[in-house]
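Architecture at a glance
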Protein chains: 2
Amino acid sequence: MTTLLKPPDTVPGEDLSVLGASLRRALDGPWADRRAEARAAFPSDNLHRDPGQSIEEARDWVLARLRELSDAGFGAAGIPRDADDPADPAAAVVAFEMLAHGDLSTLIKSGVQFGLFGGAVTNLGTRWHHDTFLPAITRLDLLGCYAMTELGHGSDVANLETTITYIPETDEYEVHSQTPGATKAYIGNAARDGSMAVVFGQLLVQGRHHGVHAVLVPIRDADGNDLPGVTTSDHGAKGGLLGVDNGRLRFARVRVPRQMLLDRYGGVGEDGVYRSPIQNPNRRFFTMLGTLVRGRVCIAAGAGIAARRGLSIATRYALTRRQFPAPGHPDGVVLLDYLTHQRRLLPAIARAYALGFAQNELTTALAHVQGGGEHTEREQRQLETRAAGLKALATRFANDTIQECREACGGAGYMAENRLVGLRADADVFATFEGDNTVLLQLVAKALLTDYRQVWGDLDRVGMVQQAAKLVGGTVLERTAANLLVDRLVATARRRPEELALVDRGWHAYLFEERERHSLESLARRTRRSDSRSFESVNRLGEHMLFVARAHLERVTLEAFIAGIEACADPEARQVLERLCSLYALGSIAADAAWFLEHNRISAGRAKAVNAQVNALCAELRPSALDLVEGFGVPQAWLGASALDA
Amino acid sequence: MTTLLKPPDTVPGEDLSVLGASLRRALDGPWADRRAEARAAFPSDNLHRDPGQSIEEARDWVLARLRELSDAGFGAAGIPRDADDPADPAAAVVAFEMLAHGDLSTLIKSGVQFGLFGGAVTNLGTRWHHDTFLPAITRLDLLGCYAMTELGHGSDVANLETTITYIPETDEYEVHSQTPGATKAYIGNAARDGSMAVVFGQLLVQGRHHGVHAVLVPIRDADGNDLPGVTTSDHGAKGGLLGVDNGRLRFARVRVPRQMLLDRYGGVGEDGVYRSPIQNPNRRFFTMLGTLVRGRVCIAAGAGIAARRGLSIATRYALTRRQFPAPGHPDGVVLLDYLTHQRRLLPAIARAYALGFAQNELTTALAHVQGGGEHTEREQRQLETRAAGLKALATRFANDTIQECREACGGAGYMAENRLVGLRADADVFATFEGDNTVLLQLVAKALLTDYRQVWGDLDRVGMVQQAAKLVGGTVLERTAANLLVDRLVATARRRPEELALVDRGWHAYLFEERERHSLESLARRTRRSDSRSFESVNRLGEHMLFVARAHLERVTLEAFIAGIEACADPEARQVLERLCSLYALGSIAADAAWFLEHNRISAGRAKAVNAQVNALCAELRPSALDLVEGFGVPQAWLGASALDA
């Protein structure tokens, strides 16, 4: 491995192999320059919190660190400074990624302040809100909460119980927590630091319901005391993220001036009459929720970085740690030379690359839709689906992977000084917030069904078969990048799938496509047969929906990987990426091998061979293990794991 | 559900359904009376630690709580008071199970003090050690460490670097940490409370190596200062178990009198000559390590209780929590009515029952082998294999399950007040200590190969086939309880497996047996073909060995479940147990469906039907969900989860 002295993609002092640098550039993809710039500028000398801190110490440290990062431009990045400043969503995602390299409480506190609170003011508010609040929000002079979730209503936002009632007599809104279940819960900045909250609730105007809206409510005075009618309380200890002051909020008929409603999508005018630019209440609700999309893109990105940190620590540890002497290895075998250990880490590294390429496409889609230019409603909807799905996939992967890394480091992995347990504990709740993963996957499946119906909707069973037969390799699947390439690959593979090599990309793409198409078609059939008015009837489809959503997301991810390889010019990196892509694809096929066998998409012999091929790919990639984690873009010095410093 | 006022298996104040009480008795099995007694006597008013405590506060709380539990008879249970008091291993396991219902730091601190430190003195020491130290150990007047693991040597105990050198001039042993890697690491009681340690190291007598032995070394004076030559240090924050003071120990030529060597299996006599009752050094080493078996049985038991606690909390929460209105459910659907939610919890409940029955058999085997009566070497070896394997299976299950429970409770699951995150963090390291799970499963596979060779060893390939053909349904698998019953079931199923009902127990037993037999036979063939002198050749078998070990443990577990049902007299409970057993069996078959398809043991149609049957069983068991968790024997009042008290 030749070492470049200072390739453009390293941070100061970083020693990086040529291959590592090349993989990093490929994985950074269209965002390589911005990420390299951000890495070089990122204040990395105070990345990790002392894990022995008390809750109060952790909160103090995090707030101070947030100010430090914010001063360096890594806080409000991407949030407009005022109404005339254009939004830059990609900058927000890249800044979020950088923050994810350090203490995750700071990351989430930043997300609460700038992404959720600031984001709601930006996206749901109008010029008066922007001019009045954004400067103080971005300067951290005004800390705030995003008070959506209630004790009784987590995922079910449409049925929030908090009320926002217009009072014509005083031209005010009255915010009220009607029931115990209406208590706002798990809210960041609510326990200590927030002095204002964006409160979501049911808007009532002269006895008429207008659905969920959001209003700005001051909650604390300058001394930190609850304002009249507001009751805050502290959730105290949590599974992680100890530096984020999550708490509850209750409102007892709290009045705010009419201007405080974030009324971009609807509110009461000076004449006391409710108006909205979106007439359909359902569409209005989903448009307002659509502002959540950036948060989901960010969480997916942050989960991706967290998984890379875990894999970087465990892989570097496995390259130095020895255990058990063996013939030819008198001082003990290096952990990563054990096949069982390779199987723990290398397929996960391959999947981390795959999800990284998918994340790049997601960030590009976000920049396209929210960057101020033209976009179609279809693009907006697809972005929402992808963001929901990839958030679920990436956070599941992060939690499983960091846990595997923790165990792969044995006792050292359990010590806080090696960072894996803190990372795992902090990232845990990523599976829940910004949308519960199970609920998000159901959203993805519903969106796919909707698309499917738009193509096939009016056809009966016979008509469908005829229609399908007319299309060569007929598919209703929409393609991401690399469309033509994948189409060609699949068309070739379809003819004689079992004769192709196990690492043939066309065969992988064909199987991924078949898995999605067949499961979606059968779900559509079952949906058509089921009685949508019966809970029991729809409930039976639950597991099937989750399968379809995952199959879809795996295909999108594979296609992003293929496009990522196409864009890589360096032949050595490209060869490694091809192996990683095969390892990712075969890992996904192996995980669903039963499905492919049951649906006669692979033979028993070939299914067995897949497992042997995974072992072979692990052996081929083993010599490049260090380069692979260098490609993740996490400098060793940032890992903060004491076992690696010894 | 009729409610008994005070059935014999409840704790005071507990409200238990008839079915719940009956399931509890069945699951408690042969240990029902002892467990019921222990539950009734267990001091349960101070079970859980305040999760907001600092590390020092946690350590203080845990030590005080340990004294409280010890005074109530739940500490040194099963440890002989002196050399004349017989050991009662089952009492130790049952007491450990009770402790596992509360703070797990207290559990592990108890395990370190009584199981490991006290256990080493008991099992590796002789009368002088027992008389001199056990009274103070059991009274908690002498706290100690079990200093086996070194920084450089976790699983590889045979190659520890600490030396114990006999000094004839002064009739002493000199204990020395030769290298940085020889530092004792992750040792409980080492950071603060321990004043003595059982130190494992290489025994050297007049220049001759005698392998690993253990010696008692005082480490701190009465004021808590390190004794001369001893350096202790503190691991500080960990992933959990904050109340256990894990630390490092280094020794710089520390001298102790000759008597301090725990010399039951070897040591220097008054004449300065080394003697051992076991001549073969390898056998001596494994005999000394064999004393670890009780720790593994206890950890498996503790993991079982931890999983039950998690499932109790998540199931009770899912029975009250509602989300999303649906047709016929205007106030929202109860979480456990969603099929997707049933699939998260009910198969795990079934598996918890299965592992509980396997644990009962393991405890019985421990009591048989270590209870002071007669036992064969074969029984001893089988106990060691089972303990290693079930420890790996139960701890993996506990971590996966508690995590699933945490996520199934959403945001509430992440709050420390609902106990799931603390439970998860504390139980995490169960996968590592008392033997890394991957290493333990490899031990199981090696033991199975050894047994296999004893039967088939001298036969070549052709001879094996002939030999196999001679046995009707020829199997080399050894049976647990219910031998004849399972034999009969399998023999019937073997004739026409695909015609049987999906819930036919014979079909399950047949598939479990085939999975183990076939994978073990093919592993034996591959082993015979591989070059045992080549690391690379043996290394290739790694994943195959893990599969064989799991297949074996699943079969043992299924057979324990079958025996447990046979022993249950109550017809209603029996019917529920039959369904649970089917759900466990089909879950295990579904997880390996690809293997069964690849090896032509099931058809594609049947594999699909398995998944539908799992859904059907979930629906059948759903009405009994509360009874199922009542059967776990974890009283609601002990759960300490605030969301359940609301």
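For the structure itself, look to the data block above.
Description of the structure in this document. Values in this document were obtained by computation on a predicted structure and should not be read as measured data.

Now for helix H21 (residues 604-621) of chain B. Given 3.6 residues per helical turn, the α-helix brings residues three or four places apart onto the same face. Across its 18 residues, H21 of chain B extends 26 Å between first and last C-alpha, which sits within 8% of the 26 Å expected from 1.5 Å per residue. Three or more residues of H21 of chain B are buried, namely Arg606, Ala607, Val610, Gln613, Val614, Asn615, Leu617, Cys618 and Leu621 of chain B. Looking at the buried side of H21 of chain B, the elements it contacts are helix H20 (593-598) of chain A together with helix H9 (339-370), helix H16 (505-529), helix H19 (571-591), helix H20 (593-598) and helix H22 (625-631) of chain B.

Attention now goes to the sheet that holds strand E10 (residues 247-251) of chain A. All names here are of chain A. As summarised here, the arrangement of the three strands in space is E6-E10-E9, forming an open sheet in which the pairing is antiparallel. Looking at strand neighbours, the two that pair on one side only are strand E6 (184-187) and strand E9 (230-234), the edges of this open sheet. For this sheet, the mean inter-axis angle between neighbouring strands, taken without regard to orientation, is 20°.

Our focus in this paragraph is unusual backbone geometry. One non-glycine residue, asparagine 600 of chain A, lies in the positive phi region at around 60°. Along the polypeptide, asparagine 600 of chain A turns up in the loop between H20 and helix H21 (604-621). Phi is positive for leucine 241 of chain B, close to 50°, though the residue is something other than glycine. Structurally, leucine 241 of chain B can be placed in the loop between strand E9 (230-234) and strand E10 (247-251). For leucine 241 of chain B, a relative accessible area of 3% puts it in the buried group.

On to the packing of aromatic side chains. Residue and element names in this part refer to chain A. Enumeration according to the criterion identifies 28 aromatic pairs over all chains in this entry. Relative to phenylalanine 632, the ring of tyrosine 353 lies with its centre 5.2 Å away and its plane at 35°, an arrangement referred to as tilted. Taken together, the residues span a long stretch of sequence, with tyrosine 353 in helix H9 (residues 339-370) and phenylalanine 632 in the loop between helix H22 (625-631) and helix H23 (636-639) at a distance of 279 residues. Pair check on accessibility: tyrosine 353 and phenylalanine 632 agree, each one buried.

As a further point, take the state of the cysteines. Residue and element names in this part refer to chain B. For the coordinates displayed, the defined rule picks out zero disulfides over all chains. Cysteine 145 takes part in no disulfide bond, and the closest cysteine sulfur to it belongs to cysteine 298, at a distance of 19 Å. Note on cysteine 145: relative accessible area 0%, which makes it buried.

Considering all chains together, one arrives at 88 salt bridges over all chains under this definition. Of the charged contacts in the structure, one is a salt bridge between glutamate 516 of chain A and arginine 555 of chain A, with a shortest N-O distance of 2.4 Å. One end of the pair, glutamate 516 of chain A, is in helix H16 (residues 505-529); the other, arginine 555 of chain A, is in helix H18 (residues 542-566), with 39 residues separating them in the sequence. We note that glutamate 516 of chain A, like arginine 555 of chain A, is buried. A salt bridge links arginine 494 of chain B to glutamate 513 of chain B; the shortest N-O distance between them is 3.4 Å. Of this pair, arginine 494 of chain B sits in helix H15 (residues 483-495) while glutamate 513 of chain B sits in helix H16; the two residues are 19 residues apart in sequence, bridging distant segments of the chain. Residue arginine 494 of chain B is classed as partly exposed on the basis of its relative accessible area, which comes to 25%. What you see here is one network of salt bridges that share partners, running through Glu56, Arg59, Asp60, Lys109, Arg192, Asp193, Asp234 and Asp245 of chain A.

Basis of the calculations
- Along every chain, residues carry numbers that run from 1 in the direction the sequence is written.
- The lettering of chains begins at A and the numbering of ligands begins at 1, in the order of writing.
- Local features in a predicted model are, by the rule used here, given only for residues with pLDDT of at least 70; side-chain atom pairs are given and counted only at 80 or more, and totals for whole chains, interfaces and linings are based on all residues.
- Side-chain calculation: all heavy atoms of the structure are included, whereas hydrogens and water are not.
- Counting from the N terminus, the helices are the DSSP runs of H or I reaching at least four residues and the strands are the DSSP runs of E reaching at least two.
- Between the first and last residue of a helix there are one fewer steps than residues, each counted as 1.5 Å, and that sum is the expected span.
- Residue exposure (1.4 Å probe, protein chains only): buried if accessible area is under 20% of the type maximum, exposed if over 50%, otherwise partly exposed.
- Contact definition: two residues touch when any of their heavy atoms are within 4.5 Å.
- In this scheme, strands are said to pair when DSSP sees at least two bridges between them.
- Axes here mean lines fitted to C-alpha atoms, for a helix over just the part in contact, with angles spanning 0 to 180 degrees between N-to-C directions.
- Centres within 6.5 Å make a pair out of two Phe, Tyr or Trp rings, where for Trp the six-membered ring is used; the pair is then stacked when the planes are under 30 degrees apart, edge-to-face when over 60, and tilted otherwise.
- Cysteine sulfurs are considered disulfide-paired once they come within 2.5 Å of each other.
- The working definition used for a salt bridge is a side-chain nitrogen of Lys or Arg within 4 Å of a carboxyl oxygen of Asp or Glu.

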